[in-house]
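Here is what each chain is made of, one letter per residue.
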Amino acid sequence: MTTIDALDLEAIRRRLEAERDELQESSEHSEAARRPVTLDQPSLGRLSRMDALQDQAMALATEERRQRRRQRIGAALERLERDEYGLCVRCGEEIGPKRLELDPSVPTCLACADAAG
């Protein structure tokens, strides 16, 4: 029996899907913060416009991180569908169960992750 056989793949699928859905919901709720800032607002002072631009930049960066995380989760769900979950995408060796428990979307074993830097 391999380490992968001992994993509760259905629980992992539910966990990944729940996180994916939560990220999508967060993305939808923060959409307004990512909209372009109108700079010709005479009622706002220069510092207020700068604050608005900074807030928008932070919202865009957060959304980019959400997108990358959703892609990683999607890839993990695809590996589950193809019966390749728990195998390193680089070397094909099993990923340690503790590593998968910490982050079920992790695509590589510890050795390959260390080698990648």
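Student: Summarise the state of the cysteines; cite the residues concerned and give the values.
Tutor: Within the structure shown, the criterion is met by zero disulfides. The closest cysteine sulfur to the non-disulfide-bonded Cys 109 is located on Cys 112, 3.7 Å from its own sulfur. The cysteine Cys 112 is free of any disulfide, with Cys 88 supplying the nearest cysteine sulfur at 3.6 Å.

Student: Describe the environment of Gln 56, naming the residues involved and giving the relevant values.
Tutor: With respect to the helices and strands, Gln 56 occurs in helix α2 (residues 46-81). Gln 56 sits 20 residues away from Pro 36 along the chain, and the two C-alpha atoms are 7.4 Å apart.

Student: Give me the pattern of salt bridges: which residues, what numbers.
Tutor: Note that side chains of opposite charge can pair when their charged atoms are close. Per the counting criterion, the structure on display carries 11 salt bridges. When the shortest N-O distance is used, the salt bridge between Glu 81 and Arg 13 registers 2.7 Å. Taken together, the residues Glu 81 in helix α2 and Arg 13 in helix α1 (residues 9-29) connect sequence positions 68 residues apart. With a relative accessible area of 17%, Arg 13 lands in the buried category. With a closest N to O distance of 3.4 Å, Arg 20 and Asp 21 form a salt bridge. The exposure class assigned to Asp 21 is partly exposed, which follows from its relative accessible area of 44%. In the salt-bridge network here, residues are joined through shared partners; they are Glu 19, Arg 69, Arg 72 and Asp 103.

Conventions and cut-offs
- Residues numbered from 1 in each chain as written.
- Predicted model: local features only at pLDDT ≥ 70, side-chain atom pairs only at ≥ 80, totals over all residues.
- Heavy atoms only, no water.
- Disulfide = S-S within 2.5 Å.
- Helix = DSSP H or I, 4+ residues; strand = E, 2+ residues; numbered from the N terminus.
- Salt bridge = Lys/Arg side-chain N within 4 Å of Asp/Glu carboxyl O.
- Buried < 20%, exposed > 50% of the residue type's maximum accessible area, 1.4 Å probe, protein only.

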